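Chain and residue survey
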Amino acid sequence: AVIAPIISFYLLKDTEKIKSKLLCILPERSRYEIIELCREVDSVLSRYLRGQLIMCAAVGVMTTFGLLLLNIDNAMIIGTIVGASNIIPYFGPFLGALPAIIIAAIQSPKTIFWVIFILISVQQIENCIIAPKILGDSVGLHPVIIIIVLIYGGSVFGFWGLVLSVPIVAIIKVILIYILNRLARVDKG
């Protein structure tokens, strides 16, 4: 926690120096192609992060709407918390659900069941419908591939598999397309 901001400061401060040193290491004849490949990987990761933020916003809006239907106080604030916490795999939805459940318990214990039902329903809609579509569109993978990658990544690698499987497959796709394009150019030339 203490070292990360210091390292971040120096990396940001010396970004251009680091780039120029790395460029000198790269072979001169393939330098341009490697830079283009890195830009494409950066683009795919940026689109993935945007997709994650869109999903968080969708979860926040759906949660807010559901809580407003139940007349829960501070529905917009709770929806924002649920949406923001959704970016944390596994634990985020539980952490975001706590304020909603606590406020429902204080306001009207009868609504706890319905609040939990809404939160679970929103998560199911997000996991089964929204996530595969948005992530698939953002990284250029079919929603079925996203679902398979998430299931496989989660079952084999657990938490980290869920977090990293989609961006890793997207990066692999970019690299494979690069290799295939390069091979096609060699065959033509």
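Residues numbered from 1 in each chain as written. Predicted model: local features only at pLDDT ≥ 70, side-chain atom pairs only at ≥ 80, totals over all residues. Heavy atoms only, no water.

The subject of this paragraph is the overall build of the protein chain. Regarding its fold elements, the protein chain presents seven helices and zero strands. Order of helices (α) and strands (β) in the protein chain, N terminus to C terminus: α-α-α-α-α-α-α. By the compact-globule yardstick of 16 Å for 189 residues, the protein chain is too spread out, its C-alpha radius of gyration being 22 Å. Viewed in the frame of its principal axes, the protein chain has a C-alpha envelope of about 70 × 40 × 25 Å. The buried share of the protein chain, taken over its 189 residues, is 29%. (Helix = DSSP H or I, 4+ residues; strand = E, 2+ residues; numbered from the N terminus. Rg over C-alpha atoms; globule rule 2.2 N^0.38 Å. Buried < 20%, exposed > 50% of the residue type's maximum accessible area, 1.4 Å probe, protein only.)

Glancing now at the state of the cysteines. This structure, assessed with the given rule, holds zero disulfides. For the unlinked cysteine Cys24, the closest cysteine sulfur is that of Cys38, found at 15 Å. Exposure remark for Cys24: the relative accessible area of 62% places this residue in the exposed category. Residue Cys128 stays outside any disulfide, its sulfur separated by 17 Å from that of Cys56, the closest cysteine. (Disulfide = S-S within 2.5 Å.)

Summed over all chains, the structure comprises four aromatic pairs. Consider the rings of Phe113 and Trp114, whose centres lie 5.1 Å apart with planes at 75°: the pair is edge-to-face. A relative accessible area of 53% places Phe113 in the exposed class. The class of Trp114 is partly exposed, set by a relative accessible area of 45%. (Phe/Tyr/Trp six-rings, centres within 6.5 Å; stacked < 30°, edge-to-face > 60°.)

The backbone phi angle of Asn71 is positive, close to 60°, even though this residue is not glycine. The phi angle at Asn74 is positive, at roughly 55°, despite the residue not being glycine. Locating Asn74 in the fold gives a position in the loop between helix 3 (31–69) and helix 4 (75–85). The class for Asn74 is partly exposed, based on a relative accessible area of 46%.

Size it by volume and the second largest pocket reaches roughly 330 Å³. Taken together, Ile18, Lys19, Leu22, Leu23, Leu26, Ile34, Ile35, Cys38 and Arg39 make up the full set of residues lining the second largest pocket. Of all elements in the fold, only helix 2 (15–25) and helix 3 reach the threshold of two or more residues within the lining of the second largest pocket. Partitioned by chemical class, the residues of the lining of the second largest pocket number seven nonpolar, no polar and two charged. (1 Å grid on protein atoms, 1.4 Å probe; cavity = no way out; pocket = protein on both sides within 12 Å on 5 of 7 lines; lining within 4 Å. Points joined across faces, edges and corners; volume = space filled by probe spheres on them. Nonpolar A, V, L, I, M, F, W, Y, C, P; charged D, E, K, R; others polar.)

Relative to the 40 Å expected for 28 residues at 1.5 Å per residue, helix 6 (residues 112–139) spans 37 Å between its end C-alpha atoms, a close match to the ideal helical length. In helix 6, a bend of some 45° at Ile130 exceeds every other bend along the element, and Pro132, a proline, comes one to four places later. Residue Gly140 follows helix 6 closely and has a positive phi angle near 80°. (Expected span 1.5 Å × (residues − 1). Bend = angle between axes of the 7 residues up to and from the residue.)

Let us now look at the side chain of Gln52. With respect to the element layout, Gln52 can be found in helix 3. If sequence neighbours within four positions are ignored, Gln52 has contacts with Ile87 and Leu135. (Contact = heavy atoms within 4.5 Å.)

In this model helix 5 (residues 91–107) runs 25 Å from its N-terminal to its C-terminal C-alpha over 17 residues, within 8% of the 24 Å that 1.5 Å per residue would give. Along helix 5, the helix axis deviates most sharply at Ala97, where the bend reaches about 25°; the proline Pro99 sits within four residues downstream. If you check which residues of helix 5 are buried, you get Gly92, Gly96, Ala97, Ala100 and Ala104. Packed against the buried residues of helix 5 are helix 3, helix 4 and helix 6.

What follows is about the confidence of the model for the protein chain. Confidence in the prediction for the protein chain averages 87 pLDDT; 98% of positions are at 70 or higher. The weakest mean pLDDT in the protein chain belongs to helix 2 at 82; the strongest belongs to helix 4 at 93. (pLDDT = per-residue confidence, 0-100.)

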